[in-house]
Amino acid sequence: MRRLSKKKALSLVKELDAFPKIPESYVETTATGGTVSLIAFTAMALLAFFEFFVYRETWMKYDYEVDKDFSSKMRINIDITVAMKCQHVGADILDLAETMITSNGLRYEPVIFELSPQQRLWHRTLLLVQNSLREEHALQEVLYKSVLKGSPTALPPREHSPTEPLRACRIHGHVYVNKVAGNFHVTVGKPIHHPRGHAHIAAFVSHDTYNFSHRIDHLSFGEEIPGIINPLDGTEKITDNNNHMFQYFITVVPTKLHTSKVSADTHQFSVTERERVINHAAGSHGVSGIFVKYDTSSLMVTVSEQHMPLWQFLVRLCGIIGGIFSTTGMLHGLVGFCFDVIGCRFKLGLYRPREAPYPGSQMNNQAPLLADDTASE
């Protein structure tokens, strides 16, 4: 009984076979079929090879939501060089609530404002990247994918020890501020704290020493991510006027970055620049200095790196192989059918040239008629 049941099951499985086997004696192979097969196999191999590179490629997905975290602090990373001595300038932050933010995290370092040849080459390269980012926004995705953990991207140190007098000041470090609009500014004199606001002691600084030519080597918000280039990195402003005001209006967007190499909470920002000469007689009022006015957005962007799943890659691969195999088979059958039709017409004589009659064919055709007439008489 068991053998009978096994035989029935085996016969049932054979009936469900969707891939019947054809004996080799019934299969006819031709040169054209072999040529089409080689072309089809080559196309399959090439498309499968390119599809593998598509499978390895990743893309960035952007999701938007409302930022509900208003209680946390926001970090500002600053690295700016001003063409004035450190004892003559001061930097501080004042937010929208008139709260004086302590700038203890900022360090003042006397430096030379002019760059060395190696530093100037780095600066030009950074400006080229910035120009490419403004023209081609897709380059930002490449930067997101290539971020690496390590030392931050910054101005390289000088090759040799400076011998010139240190007449510039490098202000660098980070400060934690509230997530509200604020104003980071660098102006003449050291800042002082008092209950009614803030002020800078500028009375002992000569007006002839004012020079707010500056270079922003790095300015970012949130966690500092090596490899990410921000809009103001590499900005350099040179002026010969002592009463010059530089303003940068920034809109900060909280951003969560999740890639295969790094995961961090950072911020993107857009900037608008403005500069003018202070001339009270002409109605241009203000204070000489560098002012960075920032405001935070209520939206939060989540940037995540996406990858094609394996099952989708296998489905696309099967579609490529099956599609090419079926298409080439149909084309080969259609071309063979056309050749068979044309060949059959030639065999039937539709396109065969008619043969000329022999010279004696007319006499041969009429001879039997004469013979018949004579026989009837």
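Let me sum up the structure you'll find in this document. (Residues numbered from 1 in each chain as written. Predicted model: local features only at pLDDT ≥ 70, side-chain atom pairs only at ≥ 80, totals over all residues. Heavy atoms only, no water.)

### Digging into the sheet that holds strand β5 (residues 106-111)
Strand order across the open sheet formed by 5 strands is β5-β6-β2-β10-β11, with antiparallel pairing between neighbours. Every other strand in the sheet has two partners, leaving β5 and β11 (235-237) as the edge strands with one partner each. The sheet shows a mean angle of 15° between the axes of neighbouring strands, taken without regard to direction. Of the strand pairs in this sheet, strand β10 (residues 214-221) and β11 are connected by 3 bridges, and their pairing is antiparallel. Note that in β11 the partner of R215 across the bridge is E236. (Pairing = 2+ DSSP bridges. Helix = DSSP H or I, 4+ residues; strand = E, 2+ residues; numbered from the N terminus. Axes fitted to C-alpha atoms, helices over the stretch in contact; angles between N-to-C directions.)

### Remarks on the nonpolar core
I250 and Y294 are the most contacted members of the largest nonpolar core, which totals 33 residues. Looking at this core, the elements that each hand over two or more residues are β2 (73-82), β3 (89-95), β6 (168-178), β7 (182-188), β10, β12 (244-258) and β14 (289-296). Formed by 13 residues, the second largest nonpolar core is a distinct cluster that contains M60, L143, I228 and A264. (Core = buried A, V, L, I, M, F, W, Y, C linked by side-chain atoms within 4.5 Å. Buried < 20%, exposed > 50% of the residue type's maximum accessible area, 1.4 Å probe, protein only.)

### Quick word on the pattern of salt bridges
Enumeration according to the criterion identifies 9 salt bridges in this entry. In this structure, K237 engages E275 in a salt bridge whose closest nitrogen and oxygen atoms are separated by 3.8 Å. You can see K237 sitting in strand β11 and its partner E275 sitting in strand β13 (residues 263-277), a full 38 residues away along the chain. Among the charged side chains, a network of salt bridges with common partners joins R120, R215, D217 and E236. (Salt bridge = Lys/Arg side-chain N within 4 Å of Asp/Glu carboxyl O.)

### Re the side chain of H123
Tracing the backbone shows H123 in helix α3 (residues 117-135). Taking the relative accessible area as the measure of exposure, H123 reaches 2% and is therefore buried. Once residues within four sequence positions are removed from consideration, H123 is found in contact with L115, R215, G234 and E236. (Contact = heavy atoms within 4.5 Å.)

### Quick notes on a nonpolar patch on the surface
The grouping of L46, L47, F49, F50, F52 and F53 at the surface amounts to a nonpolar patch, some 600 Å² of accessible area in total. Tracing the backbone through its elements, the reader meets L46 in helix α2 (residues 31-56). Judged by its relative accessible area of 46%, L46 falls in the partly exposed class. (Patch = residues over 30% accessible without salt bridge, like charges linked within 9 Å, V, L, I, M, F, W, Y side chains within 5 Å. Areas by Shrake-Rupley, 256 points an atom, 1.4 Å probe, with all protein chains shown as cover.)

### So, the packing of aromatic side chains
Summed over all chains, the structure comprises 6 aromatic pairs. Considering the side-chain rings of F49 and F53, the 4.9 Å spacing of their centres and the 75° angle between planes classify their relative orientation as edge-to-face. Note that F49 and F53 are positioned in helix α2 at a spacing of 4 residues, about one turn of the helix. Take F49: its relative accessible area is 48%, and that puts it in the partly exposed class. Residue F53 is classed as partly exposed on the basis of its relative accessible area, which comes to 42%. A connected cluster of aromatic rings, assembled from ring pairs, spans F49, F50, F52 and F53. Taking the ring centre of Y108 as reference, the NZ or CZ of K190 above it sits at 4.0 Å. Here the basic side chain of R215 rests over the ring of F113, its NZ or CZ set 5.0 Å away from the ring centre. (Phe/Tyr/Trp six-rings, centres within 6.5 Å; stacked < 30°, edge-to-face > 60°. Lys NZ or Arg CZ within 6 Å of the ring centre and 35° of its normal.)

### A closer look at the pairing of β13
Alignment of β12 against β13, held across 15 bridges, turns out to be antiparallel. Bridge pairing in β13 links H258 to S263. Two successive antiparallel strands, β12 and β13, enclose a turn made up of 4 residues.

### Some words on the environment of A83
Its place among the elements puts A83 in the loop between β2 and β3. A residue is classified by how much of its surface remains accessible, and A83, at 16% relative accessible area, is buried. Residues A83 and T209, 126 residues apart in the sequence, show an inter-C-alpha distance of 9.6 Å. Those residues in contact with A83 that sit more than four places away from it in its chain are F113, R167, A168, N211 and S213.

Shape is all these values report; function is a separate question.
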